[in-house]
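Coordinate inspection notes
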Amino acid sequence: MTVIKKLALGAGISALMLSAAWAEGLQGKVVGFSQIGSESGWRAAETSVTKAEAEARGIDLKFADAQQKQENQIKAIRGFIAQGVDAILVAPVVATGWEEVLTEAKEANIPVVLLDRGVEAPEDLYLTSVASDQVKEGRVAGEWLVGTVGDKQCNVVELQGTVGSSPAINRKQGFEEALAGHANLTITRSQTGDFTRSKGKEVMEGFLKAEGGGAGICAVYAHNDDMAVGAIQAIKDAGLKPGSDILVVSIDAVPDIFAAMVAGEANATVELTPNMAGPAFDALDGYLNAGTAPAKFIITESKLYTPADDPQGEYDRRKGLGY
Amino acid sequence: MTRPTAHLRPSSKPPAGRPRPLANFFTRPQVIALALVLCVNWLLFPGFFSITWQDGRLFGSLIDVLNRGAPVAILAIGMTAVIATKGVDLSVGAVMAISGAVAAVMVTSGQPAWLAVMAALAAGLVCGLWNGILVTVLQIQPIIATLVLMVAGRGLAQLITEGTIVTFSDPVLIFIGTGTVLGLPTPVFLALALMLAATLIVRRTALGLLIEAVGVNRSAARFAGISAGLLLVLAYTFAGFCAATAGLIAAGDIRGADANNAGLWLELDAILAVVIGGTSLMGGRFSIPMSVLGAVIIQAMNTGILISGFSPEFNLVVKSGVIILILILQSPISANLLRRKTTAHSDGARR
């Protein structure tokens, strides 16, 4: 995958997304973006979507990769302040320790938008934060399952994310909320698959053995798509058909889960959009040009995708984003 | 005032010769530990020992234990050689990621599978060679020398895959990860083959003895005419090769190279397997089959936790508890207790 191809694809997508919101708005503005790093495919997609969004709006984006270190992010933000940028985007690597540098930005009158994660700092130190609602993601997945299963008895197994991580806690909570009050749906087994494919496969293998070769499992809920992809392979190895013998629902909407949907092996996924920058730029547009303060917490949509939503098209659209 | 006198006569009886491997096999703490772990698994899940024949291969929890344990077992085979030389190789997990990445990127860019496999193994050999050179030529402490590649290697793998999970559908690579040989999963077959080959090479030639000599005292070994440097480089290169093999299995298993997670922290599992197998971190006497047994114990425990239905918050606590138990079983104290009991028993039988 060449860089040019990636950019072209990304630009194409954002041109589509922006056709309505296209305005002179941020043309020629300089925005600094301090990204955490590239630890996951989603993160890489967020970076490429942000760059494409900026390009489509004619923004001069200064990109800084912090390589998972807060000190690098603070350095980058100070650099942006010194350069006198018009606005700063930060995807904070940790929640604490931001007050000082955010105060510096505020004193320099540079609005800061937090992407994807929040910080523990007074709310007046940043303009707004754009993030997904992880509890809602779990709830959307659970509601899909409740609606699909109907009144049938259904034993669900759950592949949790890394123990103690906030997506794992919140996505579990949201799913349980959706299942509450539906006695026919019970979570019979729940284990951590560490958000990885190989662990997802290994844990699912164990579940299948422990539940009579899969006879006692009606659906699997994975906290991310990668674990679901691993689970699908385990189900196939056990001689069952994922997608029909055992329903598969997960969260993130990465390209490979759409490939599984095309093959009829996955049933639903909830999107964690990599486009955090779009709403951020919209908020900045309103603030810098019209002086309207945006909502303090902008929640991105948690859209549900099923095989009815053109999985092949979604796969092709996402493949070039760097997932 | 008495002058200190040298006690030339040994105060205790000289140690008995190397025990016959098979005769004492069932009294070894590792075997007892494995039996205990398997029994607990059986209590938690009565169908644990049932093995069926399904789609032309063996199918069951016990097979899963062997299959999932195979990558760590293969790492442990290489790690045993390194630890026997009084070294350690922290980079094997990262080398797994590199090897998987190389193979996946090559097949997705249209290269034939055999070339991809060769390239992945070659990458492992080069990584091992690099470690060996750092340890011997530059005389860097093994833990630091291999730490370099542990950190940099994962970055290298991410560069190769451009930070994405490279998914492939090449049948040869998938066969390495999930295929079947003689009814056994391919990873199990590979681990067994590698274990047998390595054991035969070190025990049917002087190589094993030479490695132990280097591990016990490198200078002394060198003065005795052993080319210690060459042996060290050989051990690290072999560990790199084993890691590359494990990396191919890990990638083939999930049909994709996940540079961020492939082999993550497995170097620690491999070291633990070697230690459980009874090889001392201080170098010297080693046993490759016992290290493989150590890997199987670790995996039996992991699988047990998975099927037990404990909530995942308990995973690490249970795991460390069992490991402490195994290490206590192995400690000199319990070994003495055990020996006293068995000698008393055999004395009684003789009378």
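A tally of helices and strands in chain B yields 14 helices and six strands. By the compact-globule yardstick of 20 Å for 351 residues, chain B fits well, its C-alpha radius of gyration being 22 Å. Counting only C-alpha atoms, chain B reaches 80 × 55 × 40 Å along its principal axes. Across the 351 residues that make up chain B, the buried fraction comes to 50%. Counting every atom, chain B has about 17500 Å² of accessible surface; 71% of that belongs to carbon and sulfur. For chain B, the centre of its 22 positive side-chain charges and the centre of its 12 negative side-chain charges are spaced 23 Å apart.

Let us now look at the pattern of salt bridges. A full pass over the atoms with the stated rule returns 28 salt bridges over all chains. In this structure, the salt-bridge partner of D60 of chain A is K62 of chain A, at a minimum N-O distance of 3.8 Å. Judged by its relative accessible area of 32%, K62 of chain A falls in the partly exposed class. Of the charged contacts, one joins R317 of chain A and E314 of chain A as a salt bridge, the two residues approaching to 3.1 Å between their closest N and O atoms. Here E314 of chain A and R317 of chain A lie together in helix α11 (residues 311-319), a separation of three residues that amounts to about one turn. Accessibility expressed as a relative area gives 9% for E314 of chain A, which makes it buried. One continuous salt-bridge network, built from bridges that share partners, spans K201, E205 and D237 of chain A together with R68 and D253 of chain B.

A word on the packing of helix α8 (residues 225-237) of chain A against helix α9 (residues 255-262) of chain A. Residues and elements named next belong to chain A. Interhelical geometry of α8 versus α9 gives an angle of 35 degrees and a closest axis separation of 9 Å. Here α8 and α9 pass one another in a crossing that is left-handed. Side by side, α8 and α9 meet where D225, A228, V229 and I232 of the first sit next to D256, I257 and A260 of the second.

The assigned domain composition of chain A is domain 1 (3-132 + 274-292) and domain 2 (134-271). A C-alpha centroid distance of 33 Å is found between domain 1 of chain A and domain 2 of chain A.

Residue and element names in this part refer to chain A. For helix α4 (residues 99-107), the full list of buried residues reads V101, L102 and A105. One face of α4 carries all of its buried residues, which in axial projection span an arc of 100 degrees. Along α4, exposed side chains directed more than 90 degrees from the buried face belong to E100 and E107. On its buried face, α4 is in contact with α3 (70-83) and β4 (112-115). Phi turns positive, to about 65 degrees, at N109, one or two residues after α4.

Every contact between the two is made by 30 residues of chain A and, on the other side, 31 residues of chain B. Remark: the boundary between chain A and chain B carries three salt bridges. The salt bridge partner of E205 of chain A is R68 of chain B, with a shortest N-O separation of 2.6 Å. Summed over the shared surface of chain A and chain B, the number is twelve residue pairs in polar contact (both at pLDDT 80 or more). Considering each element in turn, the side of chain A that touches chain B owes the most residues, ten residues, to helix α7 (residues 197-210) of chain A. Here the residues of the side of chain A that touches chain B are counted per class, giving seven nonpolar, twelve polar and eleven charged.

Covalent bonding between the sulfur atoms of two cysteines is what defines a disulfide. For the structure on display, the rule yields one disulfide over all chains. No disulfide involves C127 of chain B; its sulfur sits 13 Å from that of C242 of chain B, the nearest cysteine.

Right, let's get into the sheet that holds strand β3 (residues 87-90) of chain A. Residues and elements named next belong to chain A. Pairing is parallel in the open sheet, where six strands are placed in the order β2-β1-β3-β4-β5-β11. The open sheet has two edge strands with one neighbour each: β2 (60-65) and β11 (297-299). With direction set aside, neighbouring strand axes in the sheet form an average angle of 20 degrees. As judged from the six bridges shared by strand β1 (residues 30-35) and β2, these two strands associate in the parallel manner. Bridge pairing in β2 places F33 opposite F63. Strands β1, β2, β3 and β4 of the sheet are contacted by helix α2 (residues 41-56), whose axis makes an angle of about 160 degrees with β2.

Moving on: unusual backbone geometry. The backbone phi angle of D310 of chain A is positive, close to 55 degrees, even though this residue is not glycine. Tracing the chain through its elements places D310 of chain A in the loop between β12 (304-305) and α11. Unusually for a residue other than glycine, R255 of chain B sits at a positive phi of about 55 degrees. Relative to the assigned elements, R255 of chain B resides in the loop between α10 (228-254) and β6 (256-257). Given a relative accessible area of 25%, R255 of chain B falls into the partly exposed group.

Taken together, the side chains of L129, I133, V137 and L138 of chain B present a nonpolar region at the surface, about 350 Å² in accessible area. Relative to the elements of secondary structure, I133 of chain B occurs in helix α4 (residues 113-136).

Glancing now at the sheet that holds β12 of chain A. All names here are of chain A. Taking strand neighbours across the sheet as the criterion, the six strands line up as β7-β6-β8-β9-β10-β12 in an open arrangement whose pairing is mixed. The open sheet is flanked by β7 (185-192) and β12, the only strands paired with a single partner. Bridge analysis of strand β10 (residues 268-271) against β12 gives two bridges, and the strand direction is antiparallel. Looking at β12, one finds that V270 is bridged to L304.

Moving on, we come to α10 of chain B. Residue and element names in this part refer to chain B. For α10, spanning 27 residues, the distance from its first C-alpha to its last is 40 Å, which sits close to the expected 39 Å at 1.5 Å a residue. For α10, the buried fraction is high: 21 of the 27 residues fall into the buried class. Directly beyond the C-terminal end of α10, a positive phi value near 55 degrees is found at R255.

Quick look at the packing of aromatic side chains now. Residues and elements named next belong to chain B. On inspection of all chains with the given rule, the structure shows five aromatic pairs over all chains. Geometrically, the ring pair formed by F48 and F49 is edge-to-face, given 5.4 Å between the ring centres and 85 degrees between the ring planes. The class of F48 is buried, set by a relative accessible area of 0%. Residue class for F49 comes out partly exposed when judged on its relative accessible area of 37%.

All names here are of chain A. Position of E123 among the secondary structure elements: in the loop between β4 and β5 (128-131). Take E123: its relative accessible area is 43%, and that puts it in the partly exposed class. For E123, the residues in contact, after removing those within four places along its chain, are K296 and F297.

Right, let's talk about the nonpolar core for a bit. One finds L75, I77, L173 and L248 of chain B to be the most contacted residues of the largest nonpolar core, which totals 96 residues. Dropping the residues within four chain positions of it, L248 of chain B is found in contact with S99, A103, V117, A120, L121, L173 and I176 of chain B.

All names here are of chain A. The buried fraction of β1 is high, at five of six residues. After leaving β1, the chain enters α2 and then returns to the sheet as β2, a path that is right-handed. Note that β1 and β3 share four bridges and pair parallel. Each residue of the ladder has a partner; that of S34, found in β3, is V90.

Quick notes on the rules
- Residues numbered from 1 in each chain as written.
- Chains lettered and ligands numbered in written order.
- Predicted model: local features only at pLDDT ≥ 70, side-chain atom pairs only at ≥ 80, totals over all residues.
- Heavy atoms only, no water.
- Helix = DSSP H or I, 4+ residues; strand = E, 2+ residues; numbered from the N terminus.
- Rg over C-alpha atoms; globule rule 2.2 N^0.38 Å.
- Buried < 20%, exposed > 50% of the residue type's maximum accessible area, 1.4 Å probe, protein only.
- Areas by Shrake-Rupley, 256 points an atom, 1.4 Å probe, with all protein chains shown as cover.
- Lys, Arg positive; Asp, Glu negative; His and termini not counted.
- Charge placed at Lys NZ, Arg CZ, Asp CG, Glu CD.
- Salt bridge = Lys/Arg side-chain N within 4 Å of Asp/Glu carboxyl O.
- Axes fitted to C-alpha atoms, helices over the stretch in contact; angles between N-to-C directions.
- Left-handed = near helix turned anticlockwise from the far one by under 90°.
- Contact = heavy atoms within 4.5 Å.
- Domains from an automatic or database assignment.
- Arc of directions from axis to C-beta.
- Polar contact = N/O pair within 3.5 Å; in protein donor to acceptor, adjacent residues only side chain to side chain.
- Nonpolar A, V, L, I, M, F, W, Y, C, P; charged D, E, K, R; others polar.
- Disulfide = S-S within 2.5 Å.
- Pairing = 2+ DSSP bridges.
- Patch = residues over 30% accessible without salt bridge, like charges linked within 9 Å, V, L, I, M, F, W, Y side chains within 5 Å.
- Expected span 1.5 Å × (residues − 1).
- Phe/Tyr/Trp six-rings, centres within 6.5 Å; stacked < 30°, edge-to-face > 60°.
- Core = buried A, V, L, I, M, F, W, Y, C linked by side-chain atoms within 4.5 Å.
- Right-handed = clockwise from strand over helix to strand, strands pointing away.

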